[in-house]
Amino acid sequence: GAASAKGAGSADLEGDVRIIIEEGAKAGNVYGGGSGKSVHSGTSFIQVDGWVSNINGGGMGANESQLDESSHHTDNHTDRAEITINGTANSAHGGGFGVSSIDETSVTVNGEITTILVAGGANGYTGSAEVEIGENAVLPGESAYADYPQYAGCMTYQSGFRGIIG
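Residues numbered from 1 in each chain as written. Predicted model: local features only at pLDDT ≥ 70, side-chain atom pairs only at ≥ 80, totals over all residues. Heavy atoms only, no water.

**Structural notes on the overall build of the protein**
Then, number 1: The helix and strand tally for the protein stands at 0 helices and 15 strands.
Then, number 2: Buried residues in the protein amount to 48% of all 166 residues.
Then, number 3: A separation threshold of at least 6 residues defines the contact pool for the protein, and within that pool the share at least 24 residues apart is 77%.
Then, number 4: Summing over all exposed atoms, the protein offers an accessible surface of approximately 7,400 Å²; the carbon and sulfur share of this is 45%. (Helix = DSSP H or I, 4+ residues; strand = E, 2+ residues; numbered from the N terminus. Buried < 20%, exposed > 50% of the residue type's maximum accessible area, 1.4 Å probe, protein only. Contact = heavy atoms within 4.5 Å. Areas by Shrake-Rupley, 256 points an atom, 1.4 Å probe, with all protein chains shown as cover.)

**Remarks on the pattern of salt bridges**
Then, number 1: Scanning the model with the defined rule gives 2 salt bridges in all.
Then, number 2: The salt bridge involving R80 is made with E82; its shortest N-O contact spans 2.1 Å.
Then, number 3: In this structure, R80 engages E104 in a salt bridge whose closest nitrogen and oxygen atoms are separated by 3.3 Å. One end of the pair, R80, is in strand 9 (residues 76-85); the other, E104, is in strand 11 (residues 101-109), with 24 residues separating them in the sequence.
Then, number 4: Each of R80, E82 and E104 takes part in one network of salt bridges that share partners. (Salt bridge = Lys/Arg side-chain N within 4 Å of Asp/Glu carboxyl O.)

**What about the nonpolar core?**
Note that soluble globular proteins tend to have their nonpolar side chains buried in a common cluster.
Then, number 1: Core analysis: the largest hydrophobic core is formed by 22 residues, its most contacted members being I55, I85, V109 and L117.
Then, number 2: When neighbours within four sequence positions are excluded, I55 is seen to be in contact with V30, I46, V48, I83, I85, A89, S91, A92 and H93. (Core = buried A, V, L, I, M, F, W, Y, C linked by side-chain atoms within 4.5 Å.)

**Description of the side chain of H93**
Then, number 1: Tracing the chain through its elements places H93 in strand 10 (residues 88-93).
Then, number 2: Overall, H93 belongs to the buried group, its relative accessible area being 10%.
Then, number 3: Residues within four places of H93 in sequence aside, it is in contact with N54, I55, N56, G57, I83, V118, G120, G121 and A122.

**Focus on the packing of aromatic side chains**
Then, number 1: Tallying each qualifying case throughout the model produces 0 aromatic pairs.
Then, number 2: One residue, R18, lies across the ring of F45, its end atom 4.2 Å from the ring centre. (Phe/Tyr/Trp six-rings, centres within 6.5 Å; stacked < 30°, edge-to-face > 60°. Lys NZ or Arg CZ within 6 Å of the ring centre and 35° of its normal.)

**Some details on the environment of P140**
Then, number 1: Tracing the sequence through the fold places P140 in the loop between strand 13 (125-133) and strand 14 (144-145).
Then, number 2: C-alpha separation for the pair P140 and I116, spaced 24 residues apart in sequence, amounts to 6.6 Å.
Then, number 3: The contacts of P140, once residues within four sequence positions are left out, are I113, T114, T115 and I116.

**Here's the deal with the confidence of the model for the protein**
Low pLDDT marks stretches whose predicted atomic positions should not be read closely.
Then, number 1: Of all residues in the protein, 78% attain a pLDDT of 70 or more, and the chain-wide mean is 81.
Then, number 2: The model gives residues 146-166 a pLDDT under 50, and that stretch makes 60 contacts with residues more than four places away or in other chains. (pLDDT = per-residue confidence, 0-100.)

**Some details on the side chain of H40**
Then, number 1: Its location among the elements puts H40 in strand 7 (residues 38-48).
Then, number 2: At a separation of 2.7 Å, a polar atom in the side chain of H40 contacts the main-chain carbonyl oxygen of G15.
Then, number 3: Of the polar contacts made by the side chain of H40, one reaches the side chain of S44; its length is 3.1 Å.
Then, number 4: Aside from chain neighbours lying at most four places away, what touches H40 is L13, G15, D16, V17, G32, H77, T78 and D79. (Polar contact = N/O pair within 3.5 Å; in protein donor to acceptor, adjacent residues only side chain to side chain.)

**So, unusual backbone geometry**
Peptide bonds are, in most cases, trans, and in most cases residues other than glycine have a negative phi.
Then, number 1: Even without being a glycine, H72 presents a positive backbone phi close to 60°.
Then, number 2: Along the chain, H72 turns up in the loop between strand 8 (51-56) and strand 9.
Then, number 3: Backbone geometry at N123 places phi at a positive 80°, although glycine is not the residue there.
Then, number 4: The residue N123 is located in the loop between strand 12 (112-118) and strand 13 in this model.
Then, number 5: According to the relative accessible area criterion, N123 is partly exposed, its value standing at 32%.

Listed below in structure tokens is the structure:
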């Protein structure tokens with residue numbers, strides 16, 4: 001099942017959240033924000049020491065959501081996410097899924113990504129993203145994206161993103 005900083009619906013969450021997938025544990029989808037119409041004011045810390053199918057630093061936005069052009073927020077918004085992958089993830093997105101927004105996200109990979117790594121989200125808005133690849137990290141051949149251009153090697157990437165990036 002999915003693990004989320006907040007359940008589905010339209011409630012808001014204030015404060016930091018920690019999600020830890022321990023060594024030997026397995027999880028399906030992990031979201032740093034909420035589902036549907038929700039605002040998470042704070043930081044979501046997501047640490048994977050086990051195995052995860054998919055990680056999104058932000059929330060899972062509704063398809064009918066709209067991006068506010070002045071604030072760059074949607075009705076599914078997360079302030080900040082910090083993702084650390086020491087174990088294995090099939091895919092990881094620093095931002096949210098669907099029409100969602102996140103101000104700032106960072107992804108540190110010390111373990112393995114088997115399918116795809118995207119600094120931002122899958123649709124929506126990502127204000128800034130940082131990706132750090134550890135020297136022992138394992139990435140999938142041609143499926144690591146800082147935006148659309150491929151990058152390779154041990155590096156730190158910082159930039160602002162807007163629009164569909166994943």
